[in-house]
Amino acid sequence: MFRKRVKYFIDPITLSLKKVEKSGKKLTRKLLSRLGISLVLGLCFAYLFFQYINSPQENSISREINHYKLLMQILNKKSDEAMEILNIIQSKDDETYRSIFSMPPLDEEVRNAGIGGPNSLDNEFEFVENGELLFDTKNKLDLIGRKILIQKKSFAELSYIIANKEKMLLSIPSIMPVDIKKVRMSSGFGWRLNPFTRASSQFHPGIDLAGRVGVPIYASGDGVVIDPQRPMSGYGKVIVIDHGFGFQTLYAHLSKIYVKYGEEVKRGQIIGLLGNTGPSTGPHLHYEVIRNGERVNPINYIYSGFTDEEYQQIIKEAEENSKILS
């Protein structure tokens, strides 16, 4: 059996031992003080634990977030790689495929598929962790989708052209519209002296082939005779043929016309006779080639029915003759 331990202290005045008397209040205060300290320390430890030590569930969620972040970075990188490949395809389409079939390259604005617009984050990404990465990746994928759709349409056009290659080859205006042995090149394409002012120069949008009235004029490619839908007062009797595939040809100053609007014609078919109608300084055929709405040099499209020597002679005559017969 243990005895209760008695505590003493030395009285500094009497230098005698005195028994320590413990009051209930002192014991209570001491106990509460120790409990308070213990509670504060416990709360501090709890705070530090929850602040810096994750629970198994939080660790699992954190690992999952990092995994998705890595996947998003990989997807963003692959989006850049896909965009580079798509840009190469578009470049080949414009510079090679469309050029082979005499098709104009797609407009740059069409190719860019509506790039631009606000750069601020969408509401759906504004308060999301890694929202900028999500927003950037989403925009790239949207752009790739639009550009692929545009490229798909371009390839569809090319597929149509390829399927109709034979028809296209017959339609391109590639022969001289008159027997070269019965005419001479009197004026080429480009800036030439005005035959009426004889001083100022003007742009000549075709070539002039001088000959006698009545020389047969031939369609230079398959097509349909159309109404030009523009004033033809300076051309005399005129025929305009739509060959499709972006090509049209014009034959002016004719003495007679053998075809009518809407009539289909074949390459080499006689469509009229050389003449001197309208403003003209002599009998001749004024011949134009229009490609995609723009007048181009007809000499560049006359490559059938000649030897190399004859073709070079035609080019030389077109460059040397600077007077317009109009």
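Residues numbered from 1 in each chain as written. Predicted model: local features only at pLDDT ≥ 70, side-chain atom pairs only at ≥ 80, totals over all residues. Heavy atoms only, no water.

A.B. asks: Looking at this structure, how should I read the overall build of the protein?
C.D. replies: Looking only at helices and strands, one finds 7 helices and 14 strands in the protein. Residues counted as buried form 32% of the 326 residues belonging to the protein. Considering only contacts in the protein between residues 6 or more positions apart, those separated by 24 or more positions represent 66%. Taken as a whole, the protein presents about 21500 Å² of accessible surface, with 58% of it coming from carbon and sulfur. (Helix = DSSP H or I, 4+ residues; strand = E, 2+ residues; numbered from the N terminus. Buried < 20%, exposed > 50% of the residue type's maximum accessible area, 1.4 Å probe, protein only. Contact = heavy atoms within 4.5 Å. Areas by Shrake-Rupley, 256 points an atom, 1.4 Å probe, with all protein chains shown as cover.)

A.B. asks: Whenever I open this one, the pattern of salt bridges confuses me. Can you help?
C.D. replies: For side chains of opposite charge, pairing can occur when their charged atoms come near one another. Inspection of the entire model under this criterion finds 4 salt bridges. Note that Arg295 and Glu288 form a salt bridge whose closest N and O atoms lie 2.8 Å from each other. Classification of Glu288 as buried rests on a relative accessible area of 0%. Among the ionic contacts, a cluster of salt bridges with common partners joins Asp80, Asp136 and Lys140. (Salt bridge = Lys/Arg side-chain N within 4 Å of Asp/Glu carboxyl O.)

A.B. asks: Got a minute to help me understand the pairing of strand S12 (residues 270-274) in this structure?
C.D. replies: Every other side chain in a regular strand lies on the same face of the sheet, so the side chains alternate between the two faces. The buried fraction of S12 amounts to 4 of the 5 residues, a majority that puts the element mostly inside the structure. One ladder, built from 3 bridges, connects strand S7 (residues 216-218) with S12; its direction is antiparallel. Each bridged residue has a counterpart across the sheet, and for Pro216 the counterpart in S12 is Leu273. Relative to S12, strand S10 (residues 247-257) runs antiparallel, the two being bridged by 3 bridges. Residue pairing for S12: Lys256 is matched across the bridge by Leu273. (Pairing = 2+ DSSP bridges.)

A.B. asks: Before we go on, may I ask you to explain unusual backbone geometry in this structure?
C.D. replies: Negative phi values dominate among residues other than glycine, just as trans dominates among peptide bonds. Despite not being glycine, Phe245 shows a phi value in the positive range, around 55 degrees. Considering the arrangement of structural elements, one finds Phe245 in the loop between strand S9 (237-244) and S10. Here His253, not a glycine, exhibits a phi torsion of approximately 65 degrees, which is positive. On the secondary structure map, His253 appears in strand S10. Look at His253 and you get buried, because its relative accessible area is 1%.

A.B. asks: What is the right way to look at the packing of aromatic side chains in this model?
C.D. replies: Aromatic rings in a pair are described by how distant their centres are and how their planes are angled relative to each other. One pass over the structure, following the stated rule, counts 3 aromatic pairs. Geometrically, the ring pair formed by Tyr251 and Tyr287 is tilted, given 5.3 Å between the ring centres and 45 degrees between the ring planes. Taken together, the residues span a long stretch of sequence, with Tyr251 in strand S10 and Tyr287 in strand S13 (residues 284-291) at a distance of 36 residues. Assigned by exposure class, Tyr251 and Tyr287 land together as buried. (Phe/Tyr/Trp six-rings, centres within 6.5 Å; stacked < 30°, edge-to-face > 60°.)

A.B. asks: When you look at the environment of Ile314 in this model, what are you seeing that I'm missing?
C.D. replies: Here Ile314 shows up in helix H7 (residues 308-320). Distance from Ile314 to Arg184, taken between C-alpha atoms, is 9.0 Å for residues 130 residues apart in sequence.

A.B. asks: For this particular structure, what's the right way to read the nonpolar core?
C.D. replies: One broad trend across soluble globular proteins is that nonpolar side chains are buried collectively. Core analysis: the largest hydrophobic core is formed by 33 residues, its most contacted members being Leu209, Ile217, Ile239, Ile241, Tyr251, Ile271 and Leu285. Counting only elements with at least two residues in this core, the list comes to helix H5 (131-163), strand S3 (183-187), strand S6 (207-211), S9, S10, S12 and S13. Ile241 has contacts with Ala219, Gly223, Val224, Val225, Phe247, Gln248, Thr249, Tyr251, Val265 and Ile271, leaving out every residue within four places of it along the chain. Tyr235, Val240, Ala252 and Ile290 belong to the second-largest nonpolar core, a separate cluster that totals 7 residues. (Core = buried A, V, L, I, M, F, W, Y, C linked by side-chain atoms within 4.5 Å.)

A.B. asks: Sorry if this is basic, but what is going on with H5 here?
C.D. replies: Residues that lie three or four places apart on an α-helix share one face, since the helix turns once every 3.6 residues. With 33 residues, H5 ought to run about 48 Å at 1.5 Å a step, and its terminal C-alpha atoms sit 48 Å apart, in line with that. Among the residues of H5, those classed as buried are Gly131, Phe135, Thr137, Lys140, Leu143, Ile144, Lys147, Ile150, Gln151, Ser154, Leu158 and Ile161. (Expected span 1.5 Å × (residues − 1).)

A.B. asks: Where do I start with the side chain of His243 in this structure?
C.D. replies: Relative to the assigned elements, His243 resides in strand S9. Its relative accessible area of 4% is what places His243 among the buried residues. At 3.2 Å, the side chain of His243 and the backbone oxygen of Gly221 are in polar contact. Here the side chain of His243 touches Asp222 through a polar contact of 2.8 Å, landing on its backbone oxygen. Ignoring any residue separated from it by four or fewer positions in sequence, one finds His243 in contact with Ser171, Pro173, Ser220, Gly221, Asp222, Gly223, Gln248, Thr249 and Tyr251. (Polar contact = N/O pair within 3.5 Å; in protein donor to acceptor, adjacent residues only side chain to side chain.)

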